[in-house]
Amino acid sequence: MVKYMVDQLRGDAGKLQVPNVKHALTHNIGLGGSCVVTVLKRADFYKAGADIKKRYVRLLLLCPSPSKSNLLETDLYLASLRVAFNPQIRLQPWRRMPTTHRRGTSQGPLKGFQRLLARQALSQARDRAATPRTSLSAERRKLAVERSDM
Amino acid sequence: MFPVLVLDGDSTCGQRALYHLGMTGIPIINVNNNCSTGSSALAVAANAVAAGQADCALALGFEKMAAGSLSSAWNDRANPMEGTISQLFEIEGEKEYEKDDFGPFAARIFGAAGQEYCEKYGATWDHIAQIAAKNHKHSAVNPYAQFRNTPSATEVSKARAITREITLPMCSPTSDGGAAAIIVSEAFVHKHGLESQAIELAGLGIATDSPKLYETRSRIELAGADMSRRAAQRAYEQAGVGPSDIQVIELHDCFAPNELVTYPALGLCAEGEAHKIVERGDNTYGGKWVINPSGGLESKGHPLGATGLGRFFALDKSGVSSEKRFLTLALLSIPTCTRHGQVHG
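Residues numbered from 1 in each chain as written. Chains lettered and ligands numbered in written order. Predicted model: local features only at pLDDT ≥ 70, side-chain atom pairs only at ≥ 80, totals over all residues. Heavy atoms only, no water.

**Q** Help me understand the overall build of chain A, please; the structure alone is not making it clear to me.
**A** A tally of regular secondary structure across chain A gives five helices and two strands. In chain A, buried positions account for 42% of the 150 residues. Counted over contacts in chain A with a minimum sequence separation of 6, partners at least 24 positions apart contribute 37%. For chain A, the exposed surface amounts to about 8300 Å²; the carbon and sulfur share of it is 54%. (Helix = DSSP H or I, 4+ residues; strand = E, 2+ residues; numbered from the N terminus. Buried < 20%, exposed > 50% of the residue type's maximum accessible area, 1.4 Å probe, protein only. Contact = heavy atoms within 4.5 Å. Areas by Shrake-Rupley, 256 points an atom, 1.4 Å probe, with all protein chains shown as cover.)

**Q** Sorry, what's going on with the overall build of chain B here?
**A** The secondary structure content of chain B amounts to 14 helices and eight strands. Looking at the 345 residues of chain B, the share that counts as buried comes to 60%. Within chain B, contacts between residues at least 6 apart in sequence are counted, and of these 75% link residues at least 24 apart. For chain B, the exposed area adds up to about 13400 Å²; of that, 51% sits on carbon and sulfur atoms.

**Q** Would you explain the nonpolar core in this entry?
**A** Soluble globular proteins tend to bury their nonpolar side chains together. All names here are of chain B. In terms of nonpolar packing, the biggest core is built from 63 residues, with Met-170, Tyr-236, Tyr-263 and Leu-268 touching the most fellow members. No other element matches the eight residues that helix H4 (residues 105-121) contributes to this core. Residues contacting Tyr-263, with those up to four places away along its chain left out, are Ile-131, Lys-134, Leu-251, Leu-268, Cys-269, Ala-274, Ile-277, Val-278, Asn-283 and Ile-291. (Core = buried A, V, L, I, M, F, W, Y, C linked by side-chain atoms within 4.5 Å.)

**Q** Even after reading the chapter, I still don't get the packing of aromatic side chains, so can you show me in this structure?
**A** For any two aromatic rings, the description comes down to two numbers: the centre-to-centre distance and the angle of the planes. Residues and elements named next belong to chain B. Per the counting criterion, the structure on display carries two aromatic pairs over all chains. Geometrically, the ring pair formed by Tyr-117 and Tyr-121 is tilted, given 4.8 Å between the ring centres and 55° between the ring planes. Here the residue Tyr-117 and the residue Tyr-121 both occupy positions in helix H4, the gap between them amounting to four residues, near one helical turn. Taking the ring centre of Tyr-97 as reference, the NZ or CZ of Arg-164 above it sits at 4.0 Å. (Phe/Tyr/Trp six-rings, centres within 6.5 Å; stacked < 30°, edge-to-face > 60°. Lys NZ or Arg CZ within 6 Å of the ring centre and 35° of its normal.)

**Q** How do you make sense of the pattern of salt bridges when you look at a structure like this?
**A** Two side chains of opposite charge can pair, provided their charged atoms sit close to one another. Residues and elements named next belong to chain B. Across all of its chains, the model carries 19 salt bridges over all chains by this definition. Here Asp-76 ties to Arg-77 by a salt bridge, and the two come within 2.8 Å at their closest N and O atoms. One salt bridge in this structure joins Asp-282 and Arg-280, with 3.1 Å as the shortest N-O distance. Members of the salt-bridge network, linked through shared partners, are Glu-92, Glu-116, Glu-119, Lys-120, Arg-164, Glu-165 and Arg-219. (Salt bridge = Lys/Arg side-chain N within 4 Å of Asp/Glu carboxyl O.)

**Q** What exactly am I supposed to notice about the pairing of strand S5 (residues 199-207) of chain B here?
**A** Along any regular strand the residues' side chains alternate between the sheet's two faces. Across the nine residues of S5(B), eight count as buried, placing the element largely inside the fold. Inspection of the sheet shows strand S2 (residues 34-42) of chain A paired to S5(B) by eight bridges, in the antiparallel sense. Within S5(B), the residue paired with Val37(A) across the bridge is Gly205(B). (Pairing = 2+ DSSP bridges.)

**Q** Is there a simple way to think about the pairing of strand S1 (residues 23-30) of chain A in this case?
**A** Burial runs high along S1(A): eight of the eight residues are buried. Burial along S1(A) is two-sided: the residues His23(A), Leu25(A), His27(A) and Ile29(A) and Ala24(A), Thr26(A), Asn28(A) and Gly30(A) are all buried. Two strands pair when backbone bridges link them, and S1(A) and S2(A) are joined in this way by eight bridges, in the antiparallel orientation. Looking at S2(A), one finds that Asn28(A) is bridged to Val36(A). With antiparallel pairing between neighbouring strands as the criterion, S1(A) and S2(A) make up a hairpin whose turn holds three residues, including Gly32(A) at a positive phi of roughly 125°. As defined by bridge partners, S1(A) adjoins strand S6 (residues 248-250) of chain B across three bridges and the pair is classed as parallel. Paired with Thr26(A) across the strands is Glu250(B), a residue of S6(B).

**Q** What is the right way to read unusual backbone geometry from this model?
**A** Keep in mind that most residues, glycine aside, have a negative phi and that most peptide bonds are trans. A cis amide bond links Gly32(A) with the next residue in sequence, Gly33(A), at an omega value of 0°. For Gly33(A), the position within the fold is in the loop between S1 and S2. Residue Arg217(B) is not a glycine yet carries a positive backbone phi of 50°. Looking at where Arg217(B) falls in the secondary structure, it is placed in the loop between helix H8 (212-215) and helix H9 (219-222).

**Q** Sorry if this is basic, but what is going on with helix H3 (residues 82-94) of chain B here?
**A** Think of an α-helix as turning once every 3.6 residues; residues three or four places apart then point the same way. Residue and element names in this part refer to chain B. Helix length check: H3 (13 residues) gives 19 Å between terminal C-alpha atoms against 18 Å at 1.5 Å per residue, within 8%. The set of residues buried in H3 consists of Thr-84, Ile-85, Gln-87, Leu-88, Ile-91 and Glu-92. The arc enclosing the buried residues of H3, seen along the axis, measures out at 170°, which places them on a common side. Every exposed residue of H3 that faces more than 90 degrees away from the buried side is listed here: Gly-93 and Glu-94. Contacts made by the buried residues of H3 are with H4, H8 and H9. (Expected span 1.5 Å × (residues − 1). Arc of directions from axis to C-beta.)

**Q** Before we go on, may I ask you to explain helix H1 (residues 2-10) of chain A in this structure?
**A** Residue and element names in this part refer to chain A. Most of H1 sits out of view: nine of its nine residues are buried. Buried within H1 we find Val-2, Lys-3, Tyr-4, Met-5, Val-6, Asp-7, Gln-8, Leu-9 and Arg-10. Among the residues trailing H1, Gly-11 stands out with phi positive, at a value near 75°.

**Q** So what exactly am I meant to see when it comes to the state of the cysteines here?
**A** Put plainly, two cysteines are in a disulfide when a covalent bond ties their sulfur atoms together. Counted under the stated rule, the structure contains zero disulfides over all chains. For the unlinked cysteine Cys254(B), the closest cysteine sulfur is that of Cys35(B), found at 5.9 Å. (Disulfide = S-S within 2.5 Å.)

These figures come from the coordinates and say nothing about function on their own.
Structure follows, in structure tokens:
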């Protein structure tokens, strides 16, 4: 909910965009019970019309936008790259849980099995980026309809 | 950094989700608040930033749902919903309907609220079918929605019955997903040059049930209408705006009748006039508000723990592992605040 409303306020909502949004509201209720309502608006210091590409370079992972679905695929790919080559992120963390967290120290290049896993992650990310999104979602929708018996 | 974690799952599963990103020692709090889990985490994170405990906090929500309708995880202890369910049965027992209600309890609670609204104020189930059709229509252009088909109001009415009144397209589906929001202070925004992204969390209201829940013997109240009223009032007060200042709304339409009964609770119309909003088309593009531009929970999916926060990717239930899941993030800032927790608006 919040993410959709944030997109609306930034003007990033693509085909879902509502014209002239000044304030947006989310309403989220849980029986039992708890209810949260938020009112969102552009901050007074908000700078509109920032270069979208620059934003992506700065915050690669943070803000994918629905109107730029091709960029989103790039994000997935780049995020996988980051994960694959970040020595601080262990690809099999539950086999060998790190006992200490050493901040800002490099543990050197990936070796052996980890390297193999990194390669696999990369090729999977490439495949994913190359697969057209529409066919995927059609399949998913079909599956979801079959399974849904609510 | 002070992340706050959320889920409808086992204790400390937030730690399980985040530890492999680094054993940072940063506090993690797990929240379990039914369908509003994600937003509740947002509230905790926002309060931590507002109180000056942290400059940057993460609210993360994720959910892996069991197939079929919601049910309790336990059968050997008190059910948190037992008060609501027993009163619902009591009220329904006094009414003389031709046909007994049936189906999953969550759908029945919201279905009963819709039914009472129709009886009291002259709305019809056609209005509710129109709401469902409107939401599904919005989802046609949302690439992240779980369902993007667009049934008409008639098709919605004639679809498979889930309870006595509710049909399949009026229900939110079983979904898995994750979403996150980063909440930062105003100083953090300037320090990191995020002015082109920061959206201000102008008002936030969080509420629980009032005595009206059981005292009024109203099925609309049993579905939490008074919580919505109170939370909305607090959010409007804090933001210094009213319903007419809002252009776009994401509303909790876990079942279509809940959208109808929530319109007056959010102050969009007087009590008993919600169906007139539907008739005027004030809930879609070209109307006064656009309500659920994403397609609502009925279309985009409803992974309980993540719903309040985000846009999520509907995931394949056939065993896609957690590593492949992808989060979407929203960046929110809250106004400058003092160490005393006073928020300047």
